[in-house]
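# Close look at the chain arrangement
What follows is each chain in one-letter form.
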Amino acid sequence: MIGMRGWVLGLIGSLLLTPALAADLKVGYVNASALLQASPQAEMVQKKLRDEFTPRRQQLESRAKRLEQQEQDLSKNGLMLSEDQRKAKEREIIDGRRELKHAQDEFQDDLRIRQSEEVGKLREQLLAAVEKFAKAGSYDLILYEGVIYASDALNVTDQVLALLKSPAKP
């Protein structure tokens, strides 16, 4: 069974091999990863996520520093404490490490989920921009994934990026 990608590539190949159609076919390709990295929308997503998660990251870093300070204090002053006091401090540090690890894991999960949500929205915006560009430029076909080779003449990434950077965003 031929997959969808194989079917599309076969169709494109047959269209390009038909001289009458090939002469009228306007094709371009877009480097999607370059758009995801260089578009102002991507920069806005990065800033949004930074603003949203920086306070939690700083809080976790602060907790880690406090825990490290507790460990240093115990190592310096542990001999001056009674055995019960020392064990209580050790237990407090172990519990603190466990809670910190849990909070860090939760933070990473939340960050991954939000990144996924925002990248999904960004991909939709980029797709809309590519579609707008293709319609405005009378393109018959724009490729972006699975392109092994395309000449620079077909690369419309910079033009779509310019569209994304223009004041009238898609």
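Residues numbered from 1 in each chain as written. Predicted model: local features only at pLDDT ≥ 70, side-chain atom pairs only at ≥ 80, totals over all residues. Heavy atoms only, no water.

### Focus on the environment of Ala103
Stated formally: Secondary structure is summarised from DSSP: a helix means a run of H or I of at least four residues, a strand means a run of E of at least two, and numbering begins at the N terminus for each. Partly exposed residues are those whose accessible area sits between 20% and 50% of the maximum for their type, while under 20% is buried and over 50% is exposed, using a 1.4 Å probe and protein chains only. Throughout, a contact is declared for two residues whenever any of their heavy atoms are within 4.5 Å.
Considering the arrangement of structural elements, one finds Ala103 in helix α5 (residues 83-136). A residue is classified by how much of its surface remains accessible, and Ala103, at 15% relative accessible area, is buried. Taking the C-alpha atoms as reference, Ala103 lies 9.5 Å from Arg56; in sequence the two are 47 residues apart. In contact with Ala103, not counting residues within four places along its chain, are Leu60 and Arg63.

### Notes on unusual backbone geometry
The residue Ser138 is not glycine, and still its phi comes out positive at about 55 degrees. Looking at where Ser138 falls in the secondary structure, it is placed in the loop between α5 and β2 (141-143). Overall, Ser138 belongs to the exposed group, its relative accessible area being 53%.

### Here's the deal with the nonpolar core
Put simply, the test is: Nonpolar cores are built from buried Ala, Val, Leu, Ile, Met, Phe, Trp, Tyr and Cys residues. Side-chain atoms within 4.5 Å join them into one set.
Ranked by size, the top nonpolar core spans 15 residues in total, and within it Val30, Leu35, Phe133, Val156, Val160 and Leu164 carry the most contacts. Elements with a minimum of two residues in this core: α5 and α6 (157-165). Considering every element that reaches this core, the biggest residue donor is α5, with six residues. Sequence-distant contacts of Val156, that is, excluding residues within four places in its chain, are made with Gly28, Tyr29, Val30, Phe133, Tyr139 and Ile142. Formed by eleven residues, the second largest nonpolar core is a distinct cluster that contains Leu67, Leu74, Ile93 and Phe107.

### Observations concerning the pattern of salt bridges
To be explicit about the condition: Whenever a carboxyl oxygen of Asp or Glu lies within 4 Å of a side-chain nitrogen of Lys or Arg, that contact is scored as a salt bridge.
Overall, the coordinates contain 15 salt bridges when judged by the stated rule. Salt-bridge contacts for Glu83 lead to Lys87; the nearest nitrogen and oxygen are separated by 3.2 Å. Of the two residues, Glu83 and Lys87 are both situated in helix α5; the distance of four residues between them amounts to about one turn of the helix. Judged by relative accessible area, Glu83 falls into the partly exposed class, the value being 48%. In this structure Lys87 comes out as partly exposed when scored by relative accessible area, which is 44%. With its nearest N and O atoms 3.6 Å apart, the salt bridge here joins Asp95 to Arg91. With Asp95 and Arg91 both in helix α5, this residue pair falls four residues apart, about one helical turn.

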